[in-house]
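# Structure at a glance
The lines below spell out each chain.
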Amino acid sequence: MRARNRTVRPARGHGFGPLFDPLQRPEDGADGGLESGALNRAAPNRASLEQEHAQHPPVSDDGTKIWRIGFVGVVLTGPLLLLVLRLLDMQVMGWQQYEPPQIVTTGRNTVDDTTSWGVIVDRDGNLLAADRFTYRITATPKFISQSDYGAIALRLASSIGAPPLQIENLFMENSDRDYLIIASHIDFEQGQQLLAERQQRMADRDFLLKHIHIAAHPRRFYPQGILASQVLGFLNAERVPVLGLERYYRNFLSSDGVGLPPGRQLPRSELDENVLRFVPSGHGKGLVLTIDRTIQHIIEEELRLGIGLYRAEAGTVIVMDPKTGAILGMANWPTFDGNSFEDGDPYTFTNVAISAQFEPGSVFKLITVAAALDIDAVDASTVFVDTGAISVEGHTVQNSDRKAVGELNVADAMAHSNNVITVQIAQQVGAEIFYDYVSRFGFGADTHIDLSGEVAGQVRNTDAPNWGVSDLATNSFGQGIAVTPIQMICAVAAIANGGKLMRPYIVHSRVAGDNVMVTQPTMVYQVIQPETALRMNDMMAHVVNTGNQMAQVSGYSVAGKSGTAEIATEEGYVQDETIASFIGYAPADDPQFVMLVKLDRPDPGISRWAAYTATPVFSRIAHRLFEHMNIPPDNVRVSDDSQSYSCSSAVDCREIAPEAASIPAAEPVAELSNR
Amino acid sequence: MTMALQVSQVKQIGRFGPNIDWALATVLTCLILFGSVMVFSASYPWALENQVSPFYYVLLQLRWLGVGLVALVGAAIVPYRIWERWSIPLMALGLISLIALIFLGENRFGATRAFPGGRVQPSELVKVIVLIYISTWLASKGDRIKDINYGLIPFGVLMGIVTSLIVVQPDISTTILIVVTALIIFFLAGAELKQLILGGFVATVTFWLVITRNSYASRRVSALLESIQSPLNSSEWQIREASQAIVKGGPLGVGLGNSTEKLPGNLPLSWSDNIFAVIGEEMGLLGTLAVILLFTLFVYRGLRIASESTDIFGSLLAVGITSLIILQAIIHIAVAVAVAPPTGVTLPFVSFGGSSLVTSMGAAGILLNISRYRGLPPPAAPRRGEAGARPHITAGDRIRGGLANAFGAKKSGASSAPPGQTAHAPSNFGWWNRGSHISGSRRRRTTKNQRSDRRARSG
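Residues numbered from 1 in each chain as written. Chains lettered and ligands numbered in written order. Predicted model: local features only at pLDDT ≥ 70, side-chain atom pairs only at ≥ 80, totals over all residues.

### Brief notes about the overall build of chain B
Our working definition: By definition, any uninterrupted DSSP run of H or I lasting at least four residues is a helix, any uninterrupted run of E lasting at least two residues is a strand, and each is numbered from the N terminus. Exposed residues have 12 or fewer other C-beta atoms within 10 Å of their own C-beta, buried residues have 20 or more, and residues in between are partly exposed; the C-beta atoms are placed from the backbone. Each residue gets a C-beta atom placed from its backbone, and two residues are in contact if those atoms lie within 7 Å.
Check the secondary structure of chain B and you find 18 helices and two strands. Here chain B holds 459 residues, and 53% of them are scored as buried. Put simply, of all contacts in chain B between residues at least 6 apart along the chain, 69% involve residues at least 24 apart.

### Considerations on the overall build of chain A
Each helix and strand counted, chain A has 24 helices and 21 strands in total. Relative to its full complement of 675 residues, chain A shows a buried share of 46%. Taking the contacts inside chain A whose residues are at least 6 apart along the sequence as the reference set, 74% of them involve residues at least 24 apart.

### Section: the confidence of the model for chain B
All names here are of chain B. What counts here: The pLDDT value tells you how sure the predictor is about a given residue, anywhere from 0 up to 100.
Averaged over chain B, the pLDDT score is 74; the fraction of residues at 70 or greater is 72%. Ranking the elements of chain B by mean pLDDT puts helix H15 (residues 419-422) last with 38 and helix H11 (residues 275-308) first with 91. Taken as a whole, residues 384-447 scores under 50 in pLDDT and shows 85 contacts with residues more than four places along the chain or in a different chain. Contacts from residues 449-454, a stretch scored under 50 in pLDDT, to residues over four places away or in other chains number five contacts. With a pTM of 0.50, the predicted complex shows an ipTM of 0.76.

### Concerning unusual backbone geometry
Residues and elements named next belong to chain A. Omega for the peptide link from Trp-333 to Pro-334 comes to 5°, which places this bond in the cis form. Tracing the backbone through its elements, the reader meets Pro-334 in the loop between strand S10 (327-333) and helix H13 (352-355). Between Ala-586 and Pro-587 the backbone carries a cis peptide bond, its omega angle lying at -15°. Secondary-structure assignment places Pro-587 in the loop between strand S20 (572-586) and strand S21 (593-600). Positioned with a positive phi, Asp-376 is a non-glycine residue whose angle comes to about 60°. By the element assignment, Asp-376 lies in the loop between helix H14 (365-374) and strand S11 (383-386). Asp-376 gets classed as exposed once you count the C-beta atoms within 10 Å, which come to 9.

### A word on the environment of Gln-398 of chain A
Residues and elements named next belong to chain A. Relative to the elements of secondary structure, Gln-398 occurs in strand S13 (residues 395-398). For Gln-398 and Asp-386, which are twelve residues apart along the polypeptide, the C-alpha to C-alpha distance reads 9.7 Å. Sequence-distant contacts of Gln-398, defined by excluding residues within four places in its chain, comprise Gly-388, Ala-389 and Asn-419.

### Brief notes about helix H13 (residues 354-372) of chain B
Cut-off, in case you're wondering: What a helix should span is 1.5 Å times the count of its residues minus one.
In a regular helix each residue adds 1.5 Å, so 19 residues correspond to 27 Å; H13 of chain B covers 27 Å between its end C-alpha atoms and thus fits that length. For H13 of chain B, the tally of buried residues reaches 17 of 19 residues, placing the bulk of the element in the interior.

### Considering helix H18 (residues 469-476) of chain A
Residue and element names in this part refer to chain A. Listed as buried for H18 are Asp-471, Leu-472, Ala-473, Asn-475 and Ser-476. Packed against the buried residues of H18 are H14, strand S12 (389-392), S13, helix H16 (419-429) and helix H17 (431-440). Looking at the residues trailing H18, positive phi occurs at Gly-478, about 85°.

### Description of the pairing of S12 of chain A
Quick note on the threshold: Pairing between strands is defined by DSSP: at least two bridges between the two strands are required.
The pairing of S12 of chain A with S13 of chain A spans four bridges and is classified as antiparallel. The residue of S13 of chain A that forms the bridge with Val-392 of chain A is His-395 of chain A.

### What about the confidence of the model for chain A?
Residues and elements named next belong to chain A. The share of residues in chain A with pLDDT of 70 or more is 81%, and the mean pLDDT across the chain is 78. Between residues 103-113, whose pLDDT stays under 50, and residues either more than four places distant or in other chains, the model counts 14 contacts. For residues 652-675, every residue scores under 50 in pLDDT, and the model assigns this stretch 35 contacts once sequence neighbours within four places are set aside.

### Concerning the nonpolar core
Inclusion rule: In this description, a nonpolar core means buried residues of the types Ala, Val, Leu, Ile, Met, Phe, Trp, Tyr and Cys, linked to one another by C-beta atoms lying within 7 Å.
In this structure, Val-317, Ile-318, Met-320, Ile-489, Val-492, Ile-506 and Met-595 of chain A are the most contacted members of the largest nonpolar core, which totals 141 residues. When residues of this core are assigned to their parent elements, the largest contribution, ten residues, is made by helix H19 (residues 485-496) of chain A. If sequence neighbours within four positions are ignored, Ile-506 of chain A has contacts with Val-231, Leu-245, Leu-289, Thr-290, Ile-291, Ile-327, Ile-449, Asp-450 and Leu-451 of chain A. Listed in part, the 131 residues of the second largest apolar core include Met-38, Ile-132, Ile-292 and Phe-298 of chain B.

### Considering the packing of helix H6 (residues 152-167) of chain B against helix H7 (residues 172-188) of chain B
All names here are of chain B. The cut-off we apply is this: Whenever a helix is involved, its axis is fitted only over the stretch in contact; in every case the axis is a line through C-alpha atoms, and angles between N-to-C directions fall within 0 to 180 degrees. The labels follow the angle: roughly parallel below 35 degrees, roughly antiparallel above 145, roughly perpendicular from 65 to 115, and oblique for the rest. For any pair of crossing helices, the crossing counts as left-handed if the nearer helix is rotated counterclockwise from the farther one by less than a right angle, and right-handed if it is rotated clockwise. In the scheme used here, Gly and all other residues not listed as nonpolar or charged are polar, with Ala, Val, Leu, Ile, Met, Phe, Trp, Tyr, Cys and Pro taken as nonpolar and Asp, Glu, Lys and Arg as charged.
At a closest axis distance of 9 Å, the pairing of H6 and H7 adopts a crossing angle of 165°. In terms of axis orientation, H6 runs roughly antiparallel to H7. Seen along the crossing, H6 lies across H7 with a hand that is right-handed. The segment H6 lies against H7, with Phe-155, Met-159, Val-162, Thr-163, Ile-166 and Val-167 engaging Ile-172, Thr-174, Thr-175, Ile-178, Val-179, Ala-182 and Phe-186. Its residues assigned to classes, the contact of H6 with H7 shows ten nonpolar, three polar and no charged.

### Remarks on the packing of H14 of chain A against H17 of chain A
All names here are of chain A. For the pair H14 and H17, interaxial distance at closest approach is 10 Å and the crossing angle is 120°. Our pair here, H14 against H17, has a crossing hand that is right-handed. Mapping the contact onto sequence places Ile-367, Thr-368 and Ala-371 in H14 and Ile-433, Phe-434, Tyr-437 and Val-438 in H17. Taken together, the residues of the contact of H14 with H17 sort by class into six nonpolar, one polar and no charged.

Pasting the structure below:
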């Protein structure tokens, strides 16, 4: 049977069947099989049929053909069935669980052109930054016929304030363009008029202005001009915040940004009435700064005058409340105007007070002495011998005037800004402890002030690979170390504040809708003991009284220290190029403000010493600050204070008087930085 | 359902004769009309965005629909055997156009798939030409394809040439379509199982190599593997947007015209490559299942036409066309539901796209033409240059037609063949009428397979 089957099958001359051959063979074997039976019956006709086959092969053995087609059907519909299951899963199960994706608002760098921003006001509610709407006029010249150019230009000229011919030429030159900006910032009233006229014309079926588009765009406006411009930063042409507060608080200020962080919130009415004149903005956001517009104005004016007077290249003044760390004023020169940043020099955009490092010079001696006093290595009256030069590992340190003074106690050495004795003091302290204090005073790390663009400075401590003993010597009087002005003033503010290093901040409160979050002053470290701070205070007052007399303000006790740092260049230190700085606070017994004045490269023809450049500037500003801040002279103030009749010095007064300002307990820094 | 579809068979409408598959024509009409509506719905936001009339794309689509209708009617009138006769010149034309594309083509969306102007994509047409050629070739080989030298090796070489020309575009999805369709035809033509497995294995390995060597493809495939589990969080933008559209639709959809994913900037090419996602969002599960149902009916009718065709070429071609269109639909839907990597495959009859629509409709026309001859003798292939069906029936046709008609008449019960032809009914090959002409004792011994065959035939 099988043999016959095999002989028969090739003769059928078609291809269907072999695939299922194994299935069919048993049947064949059993009773001759259906196929062979059928074929046998048809045997008489086979020859003609074979011929027919050769001509026209029939499609298939019907059974296997149906089988194969059915199999193809399964192959084709199987995936369709799986897709149906997938669709059921997605459109029934998935649909029930589906939540529309949240719009991601955090961490974005670009802001939509139309996003409005919150306002920024100073501590008294004076407007520093706000959005103002201006109109932008654009056109589609492609759709405007040439004959209309003249009429359109004539109409636009009165609104834009440009000659009609110029506008017409603009059209002519761009006649095939889709988009043409005719004017970017048209006054609100002019824009409104033009818009109304366009609508009127369209209503009257007059299509002259059909392809002129007038749209309002928010534009950041800084009513105070250059005042505090580097603190504020600015929004660029794409309304992307650049530097400063605008950058740091971009997620808060933008209307689609985040709200207040979790924490203690007050009702808006808790704020001063004046402050609420402009706050919050239309969309409910606003920042109230610790900056005082008047103080800012004073320091900017005096800084400009001082730079002019001493022909310096640049300068920085920071005024800070030592008890809280609040920045009252922060000014740099040269600066720019946020309203016309396009015209400004990009180098002036950076806020030098936080993002430029310099060698502090003698001011840094305060840190060395504070460390020495805090560990009781020396006393204010400890006497050292100045031989005019001291050699450390082959590196010779001389005094700035290249003279030898002989025997001096620590207080007088500070007053005379004696390098040699400072090196000896640092050696008494020891490198490990000295650098420990340096880092505890906040050098070499961000102060975490809420401004964008802060740098950390550079401190090479004993762990640094190329550190040598001579580095301790040079660092002790502020050379070979890079700090930022904000770090320096914070360190001195810590001395003024009983040894408590405060985190500097510039936003007094954030207003979002009806809620207000007031920034809480944050203590970073108790850097030195309060007693050490008082002894430092006395010593710094002594410095002003005997060394930096030009810092004095009549009637007030001032504490401070000047510093003249030689500027490191590629050729080493250049004699005549210095950074002159003075840091001081007043009144010495109850500091109301601490101030840093820094002048870059004062004209050596006048003086290259801080004592004759930065120090007088400090004095002038301090004088005006006493008036503005209503600080009574010492004699008035001390006599008013019945409890302090018996004090003979500031140290004694502090011991009797209750704690002047209750400083809140230190909070985690992270909470505040989580804006 | 089956009844409703079969009712139309007995109608005699117009010159298409008694047998033309009106059920298939109905399915096609539904798909095309539904497609036009969806193309309009999906494309008008983009048209508005580009400052043209909202009807821009749908009017373009309707224009192509006109061309496609001409192609469909033409292909339905011309006896399909003409394609067998013309297969070699057509194949030459297809190969030339593919080669020309390499040199003249215009690079769009990272691939060279269309001639300058972006209007004509030759690979759409080549798909059908390859089908015709393979069907002709396999039909002519007859039993010999079991021989590896006549079957697999020339088949492999042929497929290699065609696919490599398409892969270089690169258009991997079209290549997959052609190869899978060809394998299905090869299977149906009676290929040995081991040859098929070997061929499939070679094809799989080749594709694996091509995909891993091609950074464009491998990136998409790897993105897919990551995102099958949670397509909504996929890193691939297109997968994310498409699956979002599908999921948003839910059971009943957001309503016709209300899709948000089709808006400019979300789902790209929502009116062609991703139209199923828009259907899913606007019509929901109801709409997507309706589309799948229509395509399932298409498979059913297409394979039924193939099984009823008395001609091996017609059978192979019908299965090929059905497979090609359904595979395309499967890939398109699979992309939308994020189980296949994003490819540029359109949903046949539904998506916007001139080449695709005209080719699909032309192919469907061929299918309809094959359906005209079911149970009838296949039309003799006219000689080249001799267009149209011959009005007279030759003697050979009569014999064959009689044989086939005896079979067809039994099944449909509505034979329209002239009496003269039925005279040949008793002379048969044996396997045509095995089901009914065997004696009662034989019938009892039929296997389960054969019973199910009968059920399938009569159902």
